[in-house]
Amino acid sequence: MSTITTKNADDSKNQCAACGDSDDSGGSLKACTGCNLVKYCNRTCQVAHRPAHKKACKERVAELFDEKLFKQPPPDEDCPICYLRLPIEVDQNRYQSCCGQTLCYGCVCAHEVAAADTERYKCVFCRSEATSSDEVHIEKMKKRVESNDAMAMLHLGSYYQLGMMGLRQDHAKALELYHKSAKLGNKNAHFALNLCYQTGSSVEKDTRKATYHLQLGAMAGNVCARYSLGCNEGNAGNMDRAYKHWMISANDGCDSSMKAVQEGYKDGFVTEDDYAKTMCAYGSSIDEMKSDDRDRYAAFRASKGS
């Protein structure tokens, strides 16, 4: 339906877009489930009107998707020990299979340094004893999976994918766990699935599915997924979309995205106002994730060359 705009659709919201029959009482007309711009009195009218409406519907669906895609996601949850935002780098956090909590390594290492020998390796949150073997760790992880713990599914899936913790490598099991975790909304599971479909390492290579999970991961708040989307758009020559992605992830504290935005500002792709706002949001995110304990852990890792 190339002639009906959003305003026209609003003006004729009580009329069937195909036959023109009115619905003054309301309730009998059904909206197009794709764009929600027009309504029909029955399936026959919808099918008949499809050739005229297809282009406008497709454009509106793309607009609605972009509204979701380019929306700033909520920040990560806080570490339950120090109550600071968890670092965006996954290797700066540790998942506890005993209680299902994700703790920042700043708190974990601070506890190990300060606690008595008998307490040093207990969980900082629930005080459970450290696992004595890979078998015990896997058993705890499987129990967390049974309780619908999305993060446990992600970790167990990675063990199967890589053949770690005494488990035999099983790509099918890994994908099953990744998909279950993703369905529960785990942003890192979406990113893991993107990597699987992008590289073809654990499943047949599928670019469409890789992009699908990359987008869902970005919308859920995975900054690596968001940065990658920006790179993909930049490589395709879609610079406006690329910098939108990079500004969103820079707002969450992503260093690589902030550097890309800085270069974009120098090259004229990013306005002075957008650059200033992004710099401010980036700095705020860094401050929210910063602590002395985390700095000490980072320095310790650097000294070990990791």
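Scroll up for the structure.
The notes below deal with the structure included here. This one's a predicted model, so the numbers in the text were calculated from it and none came from an experiment. (Residues numbered from 1 in each chain as written. Predicted model: local features only at pLDDT ≥ 70, side-chain atom pairs only at ≥ 80, totals over all residues. Heavy atoms only, no water.)

One finds Leu156 and Tyr178 to be the most contacted residues of the largest nonpolar core, which totals 22 residues. Of all the elements in the fold, those that place two or more residues in this core are helix H4 (134-146), helix H5 (150-162), helix H6 (171-183) and helix H7 (187-199). When residues of this core are assigned to their parent elements, the largest contribution, 6 residues, is made by H5. The next biggest cluster of nonpolar side chains, apart from the first, holds 11 residues, and it includes Trp246, Met247, Ala260 and Tyr282. (Core = buried A, V, L, I, M, F, W, Y, C linked by side-chain atoms within 4.5 Å. Buried < 20%, exposed > 50% of the residue type's maximum accessible area, 1.4 Å probe, protein only. Helix = DSSP H or I, 4+ residues; strand = E, 2+ residues; numbered from the N terminus.)

According to the stated counting rule, one finds 1 cavity of 30 Å³ or more in the structure shown. As a volume, the largest cavity reaches approximately 40 Å³. What lines the largest cavity is Pro74, Pro75, Asp76, Ile88, Lys187, Gly221, Val223 and Asp252. Tallied by class, residues from the lining of the largest cavity come to 4 nonpolar, 1 polar and 3 charged. (1 Å grid on protein atoms, 1.4 Å probe; cavity = no way out; pocket = protein on both sides within 12 Å on 5 of 7 lines; lining within 4 Å. Points joined across faces, edges and corners; volume = space filled by probe spheres on them. Nonpolar A, V, L, I, M, F, W, Y, C, P; charged D, E, K, R; others polar.)

It is at 8 Å that the axes of H6 and H7 come closest, and there the two elements cross at 140 degrees. Classified by the interaxial angle, the pair formed by H6 and H7 is oblique. Regarding H6 and H7, the two cross each other, and that crossing is left-handed. Each of Leu175, Tyr178, His179, Ser181 and Ala182 in H6 lies in contact with H7, whose residues at this interface are Ala189, His190, Ala192, Leu193, Cys196 and Tyr197. Here the residues of the contact of H6 with H7 are counted per class, giving 8 nonpolar, 3 polar and no charged. (Axes fitted to C-alpha atoms, helices over the stretch in contact; angles between N-to-C directions. Parallel < 35°, antiparallel > 145°, perpendicular 65-115°, else oblique. Left-handed = near helix turned anticlockwise from the far one by under 90°. Contact = heavy atoms within 4.5 Å.)

By volume, the second largest pocket amounts to about 270 Å³. Around the second largest pocket, the lining is made up of 14 residues, and of these Pro87, Glu89, Gln92, Met289 and Arg294 lie nearest the centre.

The next point concerns helix H11 (residues 255-267). Here H11 spans 19 Å end to end across 13 residues, near enough to the 18 Å set by a 1.5 Å rise per residue. Every buried residue of H11 is listed here: Ser257, Met258, Ala260, Val261 and Gly264. Seen along its axis, H11 keeps its buried residues to an arc of 160 degrees; they face one direction. Facing away from the buried surface of H11 by more than 90 degrees, the exposed residues are Lys259, Lys266 and Asp267. Taken together, the buried residues of H11 touch helix H9 (223-235), helix H10 (239-251) and helix H12 (272-288). (Expected span 1.5 Å × (residues − 1). Arc of directions from axis to C-beta.)

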